Amino acid sequence: MTSEFDLDTSVPHSARLYNYWLGGKDNFAVDRAVGDAMIRAIPDLQYMAGENRKFVHRAARDLVDQEGIRQFLDIGTGIPTSPNLHEVAQRIAPQTRVVYVDNDPLVLVHARALMVSTAQGLSRCLAADLRKPRSILDDPVLLDTVDLSEPVGLTLMAILMLIADEDDPWGAVAELRDAMPSGSCLAITHPSADFNPAEMAAAVNAATGAGMTFVPRSKEAVAKFFGDWPLLEPGLVPVSAWRPDTSVSDARAAYYWAGVARKP
């Protein structure tokens, strides 16, 4: 008997694509083939993947340091690439607890082996699908690690584009938002055709031609994921422009919208 979480090396997976673009080795021929096709569509795609990763680090740092977050729910974790979210967070607050969620068995194997927490904190992983938010919220791993009466950092980094509109990703994110207490923060990155429609259309064709779901969305569509949570400064901006550590010559060179919002 198979399950939706069985490893299938015959079809590409987003986590392994990112691993390939970031220079990792935990990917298969099918991932590299699609990854190369998407690079031909968007020549700067590897740079963009790196900019997305830098945002993860900046957001984790600021949520801990400035917003007082001490527990995270990271959905769509991807294959570990150090420093990981919990490493960034625990450098500032060693007691930080993190639950990583993914639906790729390869990701979970690596995450459980490599994502070692500080003695004061926790780093745990669970297999679940964002399209079924209750499977995440009701999982004993989450409930044993995260106190849902205290603020949570909910992170959805480059994952929502893998859910088609007809599967209602906005509804799934709303269910997750509703389960978070006051003071929680939601961080999102999402690819968009707003920056270069022709290149993004070619990348979509490469991905969908290989059987993947890949849906870039407009700034307005991405903004809807935050619901009525107020965005932190500087708002919903190109990923490289969200609180950059160094000056950015062309923030629109990475085709992602990024933002962080806080629940009142």
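For the structure itself, consult the block above.
Described below are features of the structure shown in this document.

How each quantity is defined
Residues numbered from 1 in each chain as written. Predicted model: local features only at pLDDT ≥ 70, side-chain atom pairs only at ≥ 80, totals over all residues. Heavy atoms only, no water. Helix = DSSP H or I, 4+ residues; strand = E, 2+ residues; numbered from the N terminus. Rg over C-alpha atoms; globule rule 2.2 N^0.38 Å. Buried < 20%, exposed > 50% of the residue type's maximum accessible area, 1.4 Å probe, protein only. Areas by Shrake-Rupley, 256 points an atom, 1.4 Å probe, with all protein chains shown as cover. Lys, Arg positive; Asp, Glu negative; His and termini not counted. Charge placed at Lys NZ, Arg CZ, Asp CG, Glu CD. Polar contact = N/O pair within 3.5 Å; in protein donor to acceptor, adjacent residues only side chain to side chain. Contact = heavy atoms within 4.5 Å. 1 Å grid on protein atoms, 1.4 Å probe; cavity = no way out; pocket = protein on both sides within 12 Å on 5 of 7 lines; lining within 4 Å. Points joined across faces, edges and corners; volume = space filled by probe spheres on them. Phe/Tyr/Trp six-rings, centres within 6.5 Å; stacked < 30°, edge-to-face > 60°.

What about the overall build of the chain?
Along the chain, the regular secondary structure elements total 10 helices and 7 strands. For the chain, the C-alpha radius of gyration of 17 Å lies close to 18 Å, the compact-globule estimate for 264 residues. Along the three orthogonal principal directions, the C-alpha set of the chain runs to about 45 × 45 × 35 Å. When the 264 residues of the chain are sorted by exposure, 55% land in the buried category. Accessible surface for the chain amounts to roughly 11000 Å². Of this, 51% is attributable to carbon and sulfur atoms. Of the side-chain charges in the chain, 24 are positive and 34 negative, and the distance between the mean point of each set is 3 Å.

Comments concerning the side chain of S192
Following the sequence through the fold, S192 ends up in the loop between β5 (185-191) and α9 (197-209). Of note is the side chain of S192, whose polar atom sits 3.0 Å from the backbone nitrogen of D194. Discounting chain neighbours no more than four positions away, the residues touching S192 are M200, P216, R217, S218, Y255 and W257.

Thoughts on the layout of surface pockets
Within this model, the second largest pocket holds a volume of roughly 180 Å³. Taken together, E51, K54, H57, R58, R61, V88, S240, P244, D245, T246 and V248 make up the lining of the second largest pocket. If one sorts the elements of the lining of the second largest pocket by residue count, helix α3 (residues 45-65) sits on top with 5 residues.

Here we look at the packing of aromatic side chains
Under the criterion given, the structure shown has 5 aromatic pairs. With 5.4 Å between their ring centres and 70° between their planes, Y18 and W21 make a pair best called edge-to-face. Within this pair, Y18 and its partner W21 are both found in helix α1 (residues 14-21), separated by 3 residues, close to a single helical turn. For the pair formed by Y18 and W21, the shared burial category is buried. Judged by centre distance (5.2 Å) and plane angle (75°), the ring pair of F55 and W242 falls under edge-to-face.

Function-wise, these values are silent; they only describe arrangement.
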